[in-house]
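Observations on the three-dimensional arrangement
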Amino acid sequence: MTIAKVEPLTTARALRGPFDYLLGERFAHVGVGSLLLVPFGRQRLRGVVTGLAETSELAPERLVNPIAVLGDPLPEDLVELGLWVGREYCSTASRGLELVLPPGSGAAGGAIKARVELRAELTKAGRDALDGGERLGPKQRSALERLAAAGGPAPAADHRDSLKRLEKRGLVALSEAEVSRRPDSVTVGVKREQPVLTAAQAQALERITAGLDGTGGELLLHGVTGSGKTEVYLTATEAALERGRGVIVLVPEIGLTPQTVSRFEARFGDRVAVLHSGLSAGERRDEWQRLRRGEARVCVGPRSAVFAPLEGLGLVIVDEEHDSSYKQESDPRYDARDVARRRADAEGAMLVAGTATPRPESWDRLERIVLPERADGSPMPGIEVVDMRERDGREGHFHAATREALVRLVEPKGKAIVMVPRRGWSPFMDCRTCGHSWRCPNCDVSLVLHRAGDVMRCHHCGHSESVPERCPECDSVSIARHGAGSERVSELVAQIVSPLPVFRLDSDSAARKGAHARILSEFDGAESGVLIGTQMVAKGHDFEDVGLSVIIDADSSLRFPDFRAEERTFALVSQLAGRSGRGGEGRVIVQTMAPGAEAIRRAAAHDAAGFLEGELERRRELSYPPFATLVRIEMAAREASAAEAAARQAAARLRPLLPRDAMLLGPAPRFRLRDRERRQVLVKAQRRSEVIGAVRQALEGAITAKAFRGVQLSVDVDPQ
Ligand code: ADP
Ligand code: ZN
Ligand code: ZN
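Computed from a prediction, not measured in an experiment: that's the story for all the values here. (Residues numbered from 1 in each chain as written. Chains lettered and ligands numbered in written order. Predicted model: local features only at pLDDT ≥ 70, side-chain atom pairs only at ≥ 80, totals over all residues. Heavy atoms only, no water.)

1. Structural notes on the overall build of the protein
- Secondary structure assignment for the protein yields 19 helices and 30 strands.
- Computed over the C-alpha atoms, the radius of gyration of the protein is 30 Å, within 12% of the 27 Å expected from 2.2 N^0.38 for a compact globule of 720 residues.
- Principal-axis analysis of the C-alpha atoms places the extent of the protein at approximately 95 × 70 × 60 Å.
- Counting over 720 residues, the protein shows a buried share of 52%. (Helix = DSSP H or I, 4+ residues; strand = E, 2+ residues; numbered from the N terminus. Rg over C-alpha atoms; globule rule 2.2 N^0.38 Å. Buried < 20%, exposed > 50% of the residue type's maximum accessible area, 1.4 Å probe, protein only.)

Written out as structure tokens, the structure reads:
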């Protein structure tokens, strides 16, 4: 008797698989990784085989056969990886497995099919006909001549009908072949000569090849933008391919890193597949299949590309490893950087994380190689920290130094980037007479005024309402608008730098498909002007001719009540600075109310090592990652009392299961979001696998309990 252990693919949290199915003769070829359609109660569900067995604990008469096998099996190590994600992030096996399934394998039978192309080839009779035997019309003759010139099967879709007639006469043979839908390759950046590696780059390459020839390993490549990290990735990829190994290259967001993608495509051509959400469903399916079949051996993509079906993986690269987009913010809340480590480790591959601003975690645990300077030899720009507490109230949102630098941009014409923490016009409005403030009815936050569209909007739930003319409490018409978002700053800058153009980049201006790339390339192509926007302006893109960068309110990220606030602020200031002054003089102005803050001081001094050492010390004292694992459990419900009751119960179930050194904090309120009251329980512990196991066990018991009815539960391991 052969039994398949099957994990049904459902979103239900309470289901505990795997379930046993009998494999009759018809299913003899089913193995671990096979995708099946199985009867499940009264439903039919898709399921993944996660194991085989000789016997079952179920009585033989209760065992049933699957209904059908769906498509090709998954590689076994991906099944392992999917199950691991389900466990490690306190999610479910099913949700973990969904991540490794072929794209478009279709929940409701809506699977995406391969594209089939009609092809025609000249037969012997056709060749004879051309040579003079038979009577041919001029069109038919030219069709046959084209096929003769092709010398093999050629696409036939355009002349389908006439070719069909020729087929009837035996002059051509028609056949169908599967073709891959390839995404258009991006064409940013030109093909370059391969430079001779610097000593530091060569050292990095040597370390990576040693890993490829041995049993893998981990390396942090620490270097500013332009220091030659990508060049190391490229040569290392070549080394892996030479050894017959596959490569995964993770990038924060494909739209933000067209240059990286195109450099891989320029160097490796068809051996590169890209996987990301901007592809059509058919393209995604076909790129996945090209990897699965081994036609492509390099996969470039955002976090989900860590699950690419590459066999014989040799190298995983995580570019811009500090980027928060590597963490998935919906269940399973996996961190692609940790999944990458796990996968590289399991497959004996080399892991390379590259960044100008390493995470404390990586600094602490990875061997590192520093690329100390920009490859073109240009110096890093000077960073001026200006104290906004000193400014005179009439100066508005810009420090005198900022204003002066912007004025100077006009003659001779130059380029600048201005980063603003928030989008919209004003983040906060209140009544000057009675103090009433405008807040979201669904969330516990203030509404943001957007001049475009003349609305006030909630940035959490999307609620919007028209701009008030008077106060609903006291009827006063005196309404104050506080602060400045990207919209307002754009207008203020435009006045200062007129007639230079300004370009605004934030999630409002980049909402439409392709808008993001267009704004960047307009700015890139402009002779002069200012790019103004949220954090998006500090990411990925590389402009050669930006002489000035400004950060408005650098400490907005410091004010977050979060242990990562320092790390984020340091990265933001450093990343923006790294993008200016290439190939010439550069100047960076940081406006802040906290000029003494460690993160800002160290960033201004280009001192990543100093910042990280201090930050690690602080984290050690406070028992924060990497010295402890954090797990946040959140309960959300319409009524505060329901969320509170569920949170208390979760805490009560969890407490006795936790390892001795663990700390349980809460239940504590979190701000109301999307009409849900929220409570959280936070666990901090040193022994990672024990604390994760305890949380999983406590919640498995809790979710079916009465207190959890109508309560949304979410678990975040390593919250960001
Ligand atoms: P990063 O990925 O760190 O931003 P890149 O690899 O893109 O850096 O390198 C920045 C620029 O310097 C690129 O134009 C690259 O071709 C060039 N470059 C990289 N390494 C060298 C080298 N060893 N010699 C000369 N030019 C180099
Ligand atoms: Zn009022
Ligand atoms: Zn809201």
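Now that the structure has been shown, we can carry on.
2. Some remarks on the sheet that holds strand β19 (residues 448-450)
- Read across the sheet, 3 strands follow the order β19-β20-β21 without closing on themselves; strand pairing throughout is antiparallel. Two strands bound the open sheet, and with one partner strand each, they are β19 and β21 (464-466). Taking each pair of neighbouring strands and ignoring which way they run, the sheet shows an average axis angle of 30°. (Pairing = 2+ DSSP bridges. Axes fitted to C-alpha atoms, helices over the stretch in contact; angles between N-to-C directions.)

3. Some remarks on the coordination of the zinc ion (ligand 2)
- Here the zinc ion (ligand 2) is held by Cys 431 (SG), Cys 434 (SG), Cys 471 (SG) and Cys 474 (SG), and the distances to it run 2.3 to 2.4 Å.
- Taken together, the 4 donor atoms coordinating the zinc ion (ligand 2) and their angles of 102 to 114° define a geometry best described as tetrahedral.
- Counting along the primary sequence, the residues that act as donors to the zinc ion (ligand 2) give the motif C-x2-C-x36-C-x2-C. Placement of Cys 434 in the loop between β18 (428-431) and β19 and of Cys 474 in the loop between β21 and β22 (479-482) is noted, with a sequence separation of 40 residues between them.
- Judged by relative accessible area, Cys 434 falls into the partly exposed class, the value being 40%. (Donors = N, O, S within 2.8 Å, 3.2 Å for Na, K, Ca; no water. Tetrahedral: all angles 85-135°; square planar, octahedral: opposite > 155°, others 65-115°.)

4. A look at the packing of aromatic side chains
- In the structure shown here, the tally under the stated rule is 7 aromatic pairs.
- Between the aromatic rings of Phe 570 and Phe 611, the centroid separation amounts to 4.4 Å while the plane-to-plane angle is 5°, which identifies the pairing as stacked. In this pair, Phe 570 is assigned in helix α15 (residues 565-578) and Phe 611 in helix α17 (residues 608-622), connecting sequence segments 41 residues apart.
- When the ring centre of Trp 425 is taken as origin, the NZ or CZ atom of Arg 451, which lies over that ring, is 4.1 Å away. (Phe/Tyr/Trp six-rings, centres within 6.5 Å; stacked < 30°, edge-to-face > 60°. Lys NZ or Arg CZ within 6 Å of the ring centre and 35° of its normal.)

5. Some points on the pairing of strand β4 (residues 43-53)
- Inspection of the sheet shows strand β1 (residues 3-8) paired to β4 by 6 bridges, in the antiparallel sense. Residue pairing in the sheet places Pro 8 in a bridge with Gly 47 of β4.
- Here strand β3 (residues 35-40) runs beside β4; their pairing, made up of 6 bridges, is antiparallel. Each bridged residue has a counterpart across the sheet, and for Phe 40 the counterpart in β4 is Gln 43.
- Between β3 and β4, which pair antiparallel one after the other, the connecting turn spans 2 residues, and Gly 41 there sits at a positive phi close to 55°.

6. Some thoughts on the side chain of Ser 227
- Structurally, Ser 227 is set in the loop between β9 (217-223) and α7 (229-242).
- Of the polar contacts made by the side chain of Ser 227, one reaches the backbone oxygen of Val 224; its length is 2.6 Å.
- Not counting residues within four places of it along the chain, the set of residues in contact with Ser 227 comprises Gln 201, Leu 371, Glu 373, Arg 374 and Ala 375. (Polar contact = N/O pair within 3.5 Å; in protein donor to acceptor, adjacent residues only side chain to side chain. Contact = heavy atoms within 4.5 Å.)

7. Focus: the coordination of the zinc ion (ligand 3)
- Within the protein, Cys 440 (SG), Cys 443 (SG), Cys 458 (SG) and Cys 461 (SG) serve as the donor atoms for the zinc ion (ligand 3), at 2.2 to 2.4 Å.
- Because the angles between the 4 donor atoms bound to the zinc ion (ligand 3) fall within 103 to 114°, the donor set is best described as tetrahedral.
- In primary-sequence terms, the residues that donate to the zinc ion (ligand 3) follow C-x2-C-x14-C-x2-C. Placement of Cys 443 in the loop between β18 and β19 and of Cys 461 in the loop between β20 (455-457) and β21 is noted, with a sequence separation of 18 residues between them.

8. Overview of the sheet that holds strand β15 (residues 367-371)
- The sheet built from 7 strands is open, its strands ordered β11-β12-β10-β13-β14-β9-β15 with parallel pairing. At either end of the open sheet lies a strand with only one pairing partner, and these are β11 (272-274) and β15. Within this sheet the neighbouring strands show an average axis-to-axis angle of 20°, counted without direction.
- Alignment of strand β13 (residues 313-319) against strand β14 (residues 350-355), held across 5 bridges, turns out to be parallel.

9. Overview of helix α18 (residues 640-654)
- Compared with an ideal rise of 1.5 Å per residue, which puts 15 residues at 21 Å, α18 spans 21 Å between its outermost C-alpha atoms and is within 8% of the ideal.
- Among all positions of α18, only Ala 643, Glu 644, Ala 646, Ala 647, Ala 650, Ala 651 and Leu 654 are buried. For α18, the angular spread of buried residues about the axis comes to 165°, placing them on one side. Away from the buried face of α18 by more than 90 degrees, exposed residues Ser 641 and Arg 648 are located.
- Turning to α18, the residues buried within the fold contact β27 (629-637), β28 (663-673), β29 (676-685) and α19 (688-702). (Expected span 1.5 Å × (residues − 1). Arc of directions from axis to C-beta.)

10. Regarding the pattern of salt bridges
- Using the criterion set out here, one finds 57 salt bridges in the structure.
- Between Arg 579 and Glu 320 there is a salt bridge, with the nearest N and O atoms lying 3.8 Å from each other. A residue pair is termed long-range when its members are at least 10 positions apart, and Arg 579 in the loop between α15 and β26 (587-592) and Glu 320 in the loop between β13 and α10 (336-347) qualify at 259 residues.
- We classify Arg 579 as buried; its relative accessible area is 1%. (Salt bridge = Lys/Arg side-chain N within 4 Å of Asp/Glu carboxyl O.)

11. Looking at empty space enclosed by the protein
- Enumeration according to the criterion identifies 2 cavities of 30 Å³ or more in this entry.
- Approximately 80 Å³ is the volume attributed to the largest cavity.
- Contributing elements (two or more residues each) for the lining of the largest cavity: α10, β14 and α11 (360-365).
- In this structure, the second largest cavity spans a volume of roughly 40 Å³.
- Together, His 322, Thr 357, Pro 358, Arg 359, Glu 567, Phe 570, Ala 571 and Phe 611 line the second largest cavity.
- By residue number, the principal contributor to the lining of the second largest cavity is α15, which donates 3 residues.
- Classifying every residue of the lining of the second largest cavity gives 4 nonpolar, 2 polar and 2 charged. (1 Å grid on protein atoms, 1.4 Å probe; cavity = no way out; pocket = protein on both sides within 12 Å on 5 of 7 lines; lining within 4 Å. Points joined across faces, edges and corners; volume = space filled by probe spheres on them. Nonpolar A, V, L, I, M, F, W, Y, C, P; charged D, E, K, R; others polar.)

12. Some details on the nonpolar core
- Core analysis: the biggest nonpolar cluster contains 67 residues, and Leu 250, Val 339, Ile 633, Met 635 and Leu 654 have the highest contact counts within it.
- Considering every element that reaches this core, the biggest residue donor is α19, with 7 residues.
- Aside from chain neighbours lying at most four places away, what touches Ile 633 is Leu 654, Arg 679, Gln 680, Val 681, Val 695, Leu 699, Leu 713, Ser 714 and Val 715.
- If you look at the next biggest cluster of nonpolar residues, it comprises 39 residues, including Ala 538, Ala 577, Ala 604 and Ala 608. (Core = buried A, V, L, I, M, F, W, Y, C linked by side-chain atoms within 4.5 Å.)

13. A look at helix α14 (residues 515-525)
- For α14, the set of buried residues is Ala 515, His 516, Ile 519, Leu 520 and Phe 523. With its buried residues spanning 135° around the axis, α14 presents them on a single face.
- On its buried face, α14 sits against β17 (415-419), β23 (502-505) and β24 (529-533).

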